[in-house]
Amino acid sequence: MYISNINSSSVKLQSIETESIPTTGETITVFSENNLTLLYIVKGAADFNVNDREGQVKKRDMILLNPETTLELTTIRKVEWIKITLSGILFTSSLDIDSKSQMFVTEDTSHSIKRYLDLAILEHTHRFRGTDLILKKLLECIMVHVLKNSELSIKDASVQVKNDEIERIQQYIRK
């Protein structure tokens, strides 16, 4: 995990909102477009499917969707979440450099992330002088908690290069 990347990255909040899916058994599709999408499950549970990877999320789980990722959620119980859309960063596995995973799930065992999210929603709703700086710092706190409690790293999205030659060189170095 590279917590120092948080300060140097160009994280920009695109949106923060609360949403709910009241119907059990309903399937919802979330597409992260060009941004990182974070879904913090406030209430309920759902089955998920991303690129043929299946699993389940529940209250206090946070889903991290990298850009250009499609997530299908089928509700088990009424789901409420806080949805944050960020630009400038994406998540990678700290354990597997070659990981192509576009989605990660982490659990908020300390309930700290939820507190920061509540403050961010309050600040976003009641904008005042300094709101942008406060929101940036709250997002940094959320990222630090995610990184310290999981085996993830963040990368600056602008330097995410997909180049075959670079990948071949990296594979050679690893061997």
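Residues numbered from 1 in each chain as written. Predicted model: local features only at pLDDT ≥ 70, side-chain atom pairs only at ≥ 80, totals over all residues. Heavy atoms only, no water.

Visitor: Looking at this structure, how should I read the layout of surface pockets?
Guide: Here the idea is plain: a probe the size of a water molecule rolls over the atoms and shows the empty space left. Here the second largest pocket is characterised by a volume of approximately 150 Å³. Within the residue set of the lining of the second largest pocket, elements represented by two or more residues are β1 (12–21) and α3 (131–148). If one sorts the elements of the lining of the second largest pocket by residue count, α3 sits on top with 4 residues. Taken together, the residues that form the lining of the second largest pocket break down as 4 nonpolar, no polar and 4 charged. (1 Å grid on protein atoms, 1.4 Å probe; cavity = no way out; pocket = protein on both sides within 12 Å on 5 of 7 lines; lining within 4 Å. Points joined across faces, edges and corners; volume = space filled by probe spheres on them. Helix = DSSP H or I, 4+ residues; strand = E, 2+ residues; numbered from the N terminus. Nonpolar A, V, L, I, M, F, W, Y, C, P; charged D, E, K, R; others polar.)

Visitor: What is the right way to look at a nonpolar patch on the surface in this model?
Guide: Residues I169, Y172 and I173 make up a contiguous nonpolar surface patch of about 390 Å² in total accessible area. Mapping I169 onto the fold places it in helix α4 (residues 164–174). (Patch = residues over 30% accessible without salt bridge, like charges linked within 9 Å, V, L, I, M, F, W, Y side chains within 5 Å. Areas by Shrake-Rupley, 256 points an atom, 1.4 Å probe, with all protein chains shown as cover. Salt bridge = Lys/Arg side-chain N within 4 Å of Asp/Glu carboxyl O.)

Visitor: Hey, could you run me through the nonpolar core in this one?
Guide: A general feature of soluble globular proteins is that nonpolar side chains tend to end up buried together. Ranked by size, the top nonpolar core spans 25 residues in total, and within it L38, M62 and F91 carry the most contacts. Among the elements of the structure, β3 (36–50), β5 (61–65), β6 (70–87), β7 (89–93), α2 (112–125), α3 and β9 (152–156) are those that each provide at least two residues to this core. The dominant element in this core, judged by the number of residues it contributes, is α3, at 7 residues. Ranked by size, the runner-up nonpolar core spans 16 residues in total, among them V30, L65, L71 and M103. (Core = buried A, V, L, I, M, F, W, Y, C linked by side-chain atoms within 4.5 Å. Buried < 20%, exposed > 50% of the residue type's maximum accessible area, 1.4 Å probe, protein only.)

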